[in-house]
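Fold and contact review
Chain by chain, the residues run as shown.
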Amino acid sequence: MNIYKVIIQNSMKKKYSIFSLIKNAFSYHENWEKAWKDPEPKKEYDAVIVGGGGHGLATAYYLAKKHNMKNIAVVEKGWIGGGNTGRNTTIIRSNYLWDASAGLYDHALKIWEGLSQELNYNVMFSQRGVMNLAHNLQDVRDLKRRTHANRLNGIDAIYLNTEEVKKFCPIINTSPNIRYPVLGGTLQKRAGTARHDAVAWGYARGADEMGVDIIQNCEVKGIKRNGDSVAGIETTKGFIKTKKVGVVAAGHSSVIANMAGLRLPLESKPLQALVSEPVKPIIDTVVMSNAVHAYVSQSDKGELVIGAGTDDYVSYSQKGSHDIVEGTLNAILELYPIFSRMRMLRQWGGIVDICPDASPIISKTTISGLYFNCGWGTGGFKATPGSGDLFAHTIANDEPHKINAAFNLNRFVSGELVDEHGAAAVAH
Amino acid sequence: MFLIDCPYCGEREQSEFKAGGEAHIVRPKQPTELSDDEWAEYLFMRKNIKGIQFERWIHIHGCRKWFNVARDTSNDVIKVVYKMGEKPPTI
């Protein structure tokens, strides 16, 4: 059995295809090879990524693929993709206001467009469009401004009036008599959704194939420093020596930073989402409303996927408050009266790390060899491929890529913030 | 969701309150003499503790008074509620 395992591990993974699907159907799909190994940590790596979510696995994938760093590991305290990667509402878009953000998120969107082919793993990327609604005069002005800004940055964006909104998504209540009537909206057609678990699994499989060790159930307990540089990490599976540590720990970023004696400008808060019972296709796009805080799409299984807002207090409990969900559902029902008798199946929370300017940090730190990719707050999933690519570049070269240069930690000292609060599709 | 024992009104639902973030961050006495690093520390850097955090809350839909809370952020259990101006308890 062990010899068999070694042979498998040292050979290229078999390509997923229609033929492998048919072949495996004859053995009742019981003989698929493992998508990734389950290794014990080595004593030393060239780099260790802390956090096995989509961003962390993507970072490892691009470190191996583009920067030829193959003696690396991803350590994950739970199971891969079990944190915010598996908890988000899977929305992907790049219609951000500021140039720096537009560059960052569109870099990701461009990778999404070819990701399934690149990974040989169907991430179910669906460019079904994302529509952002305006409910008051200021919304109309803001969204028009954003449409123009997007176009100047080469990002597809169109502004729709109320009739066009209704035509694009007929189930929306566009009556002028509701509390916050629909006055218009923007549409990014290249935007859409993807299967979030598949993104983690696809990157894990790709990274594993190139020799990356993906170590699950391995929690980081300390960061060992040698003066001003990193010497290694203490984990529940022992000490791992390494000169480069890339932390992609989302809600727990501050906890890890604290181990190295750093403070970050982050607050970790619960963000909730919920899904309904599955129904036949009723909404074939993603609709987000900032002013009333409601966003909804439909999964391929038929569930309505609804995102709620963050609670305003710091918490690591992965539980949010009921009134937040209630507020979101009130808004959903006003906008989509057709959903009034839908029943909700599941509700959950994730812990999101929010920056004061609602933009992420992909940056070096004052400690040599310690890098942070955090602060994605409520909207990190959409950036997964781009975030991994740029963080890998930053770690490999010890310099940020020009696309993530603005998203450094020092911006909180210099004052060059990338204030995306106004441009977030929903106000968290 | 949890209950908060307002020192002025008694136990109420958390939704009646608004969180005011980390407590005991003292405004600099001489703002003009602060370096950029010190400003960043004061304005933006937060402990963001997983464990017992000292934080401010306001009973926004009640008495509208501010007070301090020591809460375990890993499970939202409140340990102590104490008034503004009082020193943080040792827990």
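Residues numbered from 1 in each chain as written. Chains lettered and ligands numbered in written order. Predicted model: local features only at pLDDT ≥ 70, side-chain atom pairs only at ≥ 80, totals over all residues. Heavy atoms only, no water.

A word on helix 9 (residues 322-335) of chain A
Residues and elements named next belong to chain A. Along its 14 residues, helix 9 runs 20 Å from first to last C-alpha, staying within 8% of the 20 Å computed at 1.5 Å per residue. Taken together, the buried positions of helix 9 are occupied by I324, V325, T328, A331, I332 and L335. The arc that holds the buried residues of helix 9, viewed along the axis, is 125 degrees, so those residues lie on one side. Structural note: helix 9 exposes H322 and N330 on the side pointing more than 90 degrees away from its buried face. Elements that come into contact with the buried residues of helix 9 comprise strand 5 (130-134), strand 14 (267-276), strand 15 (286-289), strand 16 (294-298), strand 17 (304-310) and strand 18 (344-354). (Helix = DSSP H or I, 4+ residues; strand = E, 2+ residues; numbered from the N terminus. Expected span 1.5 Å × (residues − 1). Buried < 20%, exposed > 50% of the residue type's maximum accessible area, 1.4 Å probe, protein only. Arc of directions from axis to C-beta. Contact = heavy atoms within 4.5 Å.)

Regarding the packing of helix 3 (residues 54-67) of chain A against helix 4 (residues 99-119) of chain A
Residues and elements named next belong to chain A. At their nearest, the axes of helix 3 and helix 4 sit 15 Å apart, and the two run at 75 degrees to each other. In terms of their interaxial angle, helix 3 and helix 4 are classed as roughly perpendicular. Note on element contacts: helix 4 touches helix 3 through I111, L115, E118 and L119, opposite Y61, Y62 and K65. Here the contact of helix 3 with helix 4 is composed, by residue class, of five nonpolar, no polar and two charged. (Axes fitted to C-alpha atoms, helices over the stretch in contact; angles between N-to-C directions. Parallel < 35°, antiparallel > 145°, perpendicular 65-115°, else oblique. Nonpolar A, V, L, I, M, F, W, Y, C, P; charged D, E, K, R; others polar.)

With respect to helix 10 (residues 384-397) of chain A
Residues and elements named next belong to chain A. Helix length check: helix 10 (14 residues) gives 20 Å between terminal C-alpha atoms against 20 Å at 1.5 Å per residue, within 8%. The element helix 10 is largely enclosed, with a buried count of 11 among its 14 residues. Every buried residue belonging to helix 10 is among T384, P385, G386, S387, G388, D389, L390, F391, A392, T394 and I395, and all of these are buried. Of the residues trailing helix 10, D398 is marked for its positive phi of about 55 degrees.

Overview of the pairing of strand 5 of chain A
Residues and elements named next belong to chain A. Counting buried residues along strand 5, five of its five residues qualify, which places the element largely inside the surrounding structure. Of the two faces of strand 5, the one holding V130, N132 and A134 and the one holding M131 and L133 are both buried throughout. Of the pairings in the sheet, the one linking strand 5 to strand 7 (residues 184-188) comprises five bridges and is antiparallel in character. Opposite V130, over in strand 7, you have Q188 as the bridge partner. Looking at chain direction, strand 5 and strand 15 are connected through four bridges and run parallel. Note on strand 15: the bridge partner recorded for M131 is V287. (Pairing = 2+ DSSP bridges.)

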